[in-house]
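Fold and contact review
Here is how the chains run, residue by residue.
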Amino acid sequence: MQALHTAATGMAAQELNVQVISNNIANLRTTGFKKQTAAFQDLIYEHVRRVGAQASDQGTIVPVGVDIGGGVKTVGTPRSMTQGTLSQTGNDLDLAISGEGFFKILMPDGTYQYTRDGTFQMDNQGRVVTAQGNPVQPTITIPNNASGITVSEQGQVSVTLPGSSTSSIIGQLGVTRFINKAGLQPVGNNQFTETPSSGAPQDGTANSEGYGKITQGSLEQANVDVVSEMSDLIAAQRAYEMNAKVISAADQMMQSTTALFR
């Protein structure tokens, strides 16, 4: 019975939906995390009688057809790149981007990855790096005798050196944007890589036209709405249960049909 297969596709779809929702909830407190949603489409139809077909020799046209659906399929798990709220931390190297853009990170193999997670630190060379020790681009090296690190909204990094009463600019952090940021490939560690879908990276200056500003001493929180996720979770669970009931009903109908022909 086709209903068994159709309902099975519905259960599989809702199982994936719950997996996506659970990942969103699990990353509720992950800095810079961007939530996902599951997108579905209906499967190909069996056209028992096509709409618009000729119904008689006199040219009568069928007003409606008979189309039997085959179920549902997953077409993607698009990521929402909306802005998360900023949380103040007071740490000099905690940075958040308000608006468009990503921090650019140099990887050990010479490639670049991109992140909204501005939880930066200094390594043993004084470089500003991620939690994995990969330098933020352009590379900023803070002298070991410097104090009073400040980062402007444009990304200029300044420090106060011994014997000076004024701050000195030691580097400029950049911000990178993409035409289709939802097309970036997540690779873990709060980082993304470019893809043909995202378009080429466009490096620029923070707080300039088309680029967000940098806020020092703050971090961007995940854009996950707990109430919305819990509501979606309940809806997915109910949909899964209904598909399970369809399988149970179809099985009972098959058993009844088999008993009639014994």
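Residues numbered from 1 in each chain as written. Predicted model: local features only at pLDDT ≥ 70, side-chain atom pairs only at ≥ 80, totals over all residues. Heavy atoms only, no water.

1. Observations regarding empty space enclosed by the protein
The probe, sized like a water molecule, is rolled over the atoms to show the empty space still left. Here is the rule: Using a grid of 1 Å spacing that covers the protein atoms alone, one calls a set of points a cavity when a 1.4 Å probe fits there but cannot get out, and a pocket when the set is open and has protein on both sides within 12 Å along at least five of seven lines; lining residues are those with an atom within 4 Å of a point. Grid points are joined across faces, edges and corners, and a volume is the space filled by probe spheres set on the points. Asp, Glu, Lys and Arg are counted as charged, while Ala, Val, Leu, Ile, Met, Phe, Trp, Tyr, Cys and Pro are counted as nonpolar; the rest, among them Gly, fall into the polar class.
Here the structure, examined in full by the defined rule, presents 1 cavity of 30 Å³ or more. Here the largest cavity is characterised by a volume of approximately 40 Å³. In terms of lining residues, the largest cavity is bounded by L93, L95, V128, I140, V151, V157 and L173. Considering only residue class, the lining of the largest cavity consists of 7 nonpolar, no polar and no charged.

2. So, the pattern of salt bridges
What counts here: By definition here, a salt bridge exists when the distance from a side-chain nitrogen of Lys or Arg to a carboxyl oxygen of Asp or Glu is within 4 Å. A run of H or I in DSSP counts as a helix once it spans at least four residues, and a run of E counts as a strand once it spans at least two, with each numbered from the N terminus. Whether a residue is buried, partly exposed or exposed follows from its accessible area with a 1.4 Å probe, protein chains only, as a fraction of its type maximum: under 20%, in between, or over 50%, in that order.
A complete count under the given rule lists 7 salt bridges for this structure. Across the pair K34 and E220 runs a salt bridge, and its minimum N-O distance is 2.5 Å. You can see K34 sitting in the loop between α1 (2-26) and β1 (39-42) and its partner E220 sitting in strand β20 (residues 218-220), a full 186 residues away along the chain. Exposure class is identical for K34 and E220. Each is buried.

3. Section: the sheet that holds strand β12 (residues 147-151)
We count it as follows: Only strands that DSSP links by at least two bridges are regarded as paired with each other. Think of each axis as a best-fit line through the C-alpha atoms, taken over the contacting stretch in the case of a helix, with angles from 0 to 180 degrees between the N-to-C directions.
On the basis of which strands lie adjacent, the open sheet formed by 3 strands has the order β12-β13-β14 and antiparallel pairing. Both edges of this open sheet fall to β12 and β14 (167-172), since each of them pairs with a single strand only. Mean inter-strand twist for the sheet, computed between neighbouring axes without regard to direction, equals 25°. In this sheet, β14 lies alongside strand β13 (residues 156-160) in antiparallel orientation, the contact comprising 5 bridges. For V157, the partnering residue across the bridge sits in β14 and is G171.

4. Regarding the nonpolar core
What counts, and what does not: Throughout, nonpolar core names a set of buried Ala, Val, Leu, Ile, Met, Phe, Trp, Tyr and Cys residues whose side chains join them through atoms within 4.5 Å. It only takes one pair of heavy atoms within 4.5 Å for two residues to be counted as in contact.
Formed by 20 residues in total, the largest nonpolar core has its most connected members in L95, F103, F120, V128, I142, L173 and I214. The set of elements that each furnish at least two residues to this core consists of β6 (95-98), β7 (103-106), β12 and β13. Sequence-distant contacts of F120, that is, excluding residues within four places in its chain, are made with L93, D94, L95, F103, I105, V128, V129, T130 and V136. One finds M81, F102, Y114 and F178 within the second-largest nonpolar core, a separate group that totals 6 residues.

5. Here's the deal with a nonpolar patch on the surface
Here is the rule: Patch definition: residues above 30% relative accessible area lacking any salt bridge, with like charges linked at up to 9 Å and the nonpolar side chains Val, Leu, Ile, Met, Phe, Trp and Tyr linked at up to 5 Å. Residue exposure ignores everything except the shown protein chains as possible cover, and the areas themselves are Shrake-Rupley values with a 1.4 Å probe.
Together, I25, V226 and M230 give the surface a local cluster of nonpolar side chains, amounting to about 230 Å² of exposed area. As for its placement among the helices and strands, I25 is situated in helix α1.

6. Re the packing of aromatic side chains
Just so we agree on the cut-off: Only Phe, Tyr and Trp rings are paired, with Trp represented by its six-membered ring, and only when their centres lie within 6.5 Å; those with planes under 30 degrees apart are stacked, over 60 edge-to-face, the remainder tilted. Only lysine NZ and arginine CZ atoms are considered, and such an atom sits over a ring when it is within 6 Å of the ring centre and within 35 degrees of the ring normal.
Counted under the stated rule, the structure contains 4 aromatic pairs. Ring centres of F102 and F178 lie 6.0 Å apart, and the angle between their planes is 70°; on these two criteria the pair is classed as edge-to-face. Here F178 lies in the loop between β15 (175-177) and β16 (185-188) and F102 lies in the loop between β6 and β7, a separation of 76 residues in the sequence. Judged by relative accessible area, which is 3%, F102 ranks as buried. Both rings, one in F102 and one in F192, keep their centres 6.1 Å apart while their planes meet at 70°; by these two values the pair is edge-to-face. Of this pair, F102 sits in the loop between β6 and β7 while F192 is found in strand β17 (residues 191-193), placing the two residues 90 residues apart along the sequence. Judged on exposure class, the residue F102 and its partner F192 are both buried. Taking NZ or CZ as reference, K104 lies 4.2 Å from the ring centre of Y112, over its face. Positioned over the ring face of Y211 is R177, at 5.7 Å from the centre of the ring.

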